[in-house]
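Residue-level listing of the chains:
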Amino acid sequence: MTTLFIFPGACSFAAHVVIDELELPIDVEAVVLNSPDSPYRSINPLGRVPALRLDDHTLLTENTAILPYLADQRPGTPLFAAAGTVERAQIQSWLGYIATEIHTGAFRSINRPERFTPDEQAFAGIRSKGVQRLADALKPLEARLSSQDYLVGNRFTLADAYLGVFVGWSARAGVLLQDFPALQAFLQRYRARESVVRTLAAEGLS
Ligand SMILES: N[C@@H](CCC(=O)N[C@@H](CS)C(=O)NCC(=O)O)C(=O)O
């Protein structure tokens, strides 16, 4: 059986939504994070989610690989696009942007300042720089969603499934979504989507 390892509300939420959207026969298992003793470390030594363990026990990590892999289990799904098309490259481009500029580039400083310095006095400054970087990194997404409901092709794709996680986090990180009306509207659409409602419930978040 293929298993997706998640933590409720973490970036693994996107893969969980995609599994729901595509009705894929994949087990979803919540794990303990941030503990060097977590048994999950024997599955993924980095201790990070998401991770997808395939039937043959191959372990796939990284959202930018897992999300396309899941979509490719249902060839022709509107969540992705055919190999060789510009749309597919655009969806992958947004996945890369969100993973690097938003998640690692901004949220890593906000959520994990200890990974940048051992000096606890410096944490507040690192966090506040992260919030600033986040606000900058959200601008191209806001611009894109000002003229269309979804990031690519005017339909919900992997890029939107992934973006929704971080727009939700942004509100919590103190980035005022009033300054990003298109992202605010996007978040409302995201949270109203049936797969998202079901996934929130499945992760114990509603
Ligand atoms: N680049 C990875 C990042 C994964 C990641 O950092 N996941 C977080 C949850 S959102 C995590 O597992 N954090 C625990 C840790 O870093 O120890 C991806 O996109 O899949």
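Above this note sits the structure.
Here is what the cut-offs are and how they apply
Residues numbered from 1 in each chain as written. Predicted model: local features only at pLDDT ≥ 70, side-chain atom pairs only at ≥ 80, totals over all residues. Heavy atoms only, no water. Helix = DSSP H or I, 4+ residues; strand = E, 2+ residues; numbered from the N terminus. Rg over C-alpha atoms; globule rule 2.2 N^0.38 Å. Buried < 20%, exposed > 50% of the residue type's maximum accessible area, 1.4 Å probe, protein only. Contact = heavy atoms within 4.5 Å. Areas by Shrake-Rupley, 256 points an atom, 1.4 Å probe, with all protein chains shown as cover. Lys, Arg positive; Asp, Glu negative; His and termini not counted. Charge placed at Lys NZ, Arg CZ, Asp CG, Glu CD. Polar contact = N/O pair within 3.5 Å; in protein donor to acceptor, adjacent residues only side chain to side chain.

Colleague: Is there a simple way to explain the overall build of the chain in this structure?
Modeller: Helix and strand counts for the chain come out as 7 helices and 4 strands. Reading the helices (α) and strands (β) of the chain from amino to carboxyl end gives β-α-β-β-β-α-α-α-α-α-α. A compact globule built from 206 residues would reach a C-alpha radius of gyration of about 17 Å, and the chain, at 17 Å, matches this within 12%. Over its C-alpha atoms, taken along the principal directions, the chain stretches across nearly 50 × 45 × 35 Å. Counting all 206 residues of the chain, 47% fall into the buried class. Taking as baseline every contact in the chain between residues at least 6 positions apart, the subset at least 24 positions apart corresponds to 65%. Within the structure as shown, the chain displays about 10,100 Å² of accessible surface, and the carbon and sulfur contribution to it stands at 51%. Of the charged side chains in the chain, 19 are positive and 22 negative, and the gap between their average positions amounts to 4 Å.

Colleague: Any chance you could explain helix α2 (residues 63-72) here in plain terms?
Modeller: What sets the pattern is the α-helix's 3.6 residues per turn: residues three or four places apart point alike. Among the residues of α2, those classed as buried are Asn63, Ile66, Leu67, Pro68, Leu70 and Ala71. For α2, the secondary structure elements touched by its buried residues are α1 (13-22), β3 (51-53), β4 (59-61), α3 (86-111) and α5 (158-172).

Colleague: I'm lost on the side chain of Thr117 in this one. Help?
Modeller: Inspection of the secondary structure puts Thr117 in the loop between α3 and α4 (123-147). A polar contact is formed between the side chain of Thr117 and the backbone nitrogen of Asp119, at a distance of 3.0 Å. Residues in contact with Thr117, not counting those within four places in the same chain, are Ala122, Phe123 and Ile126.

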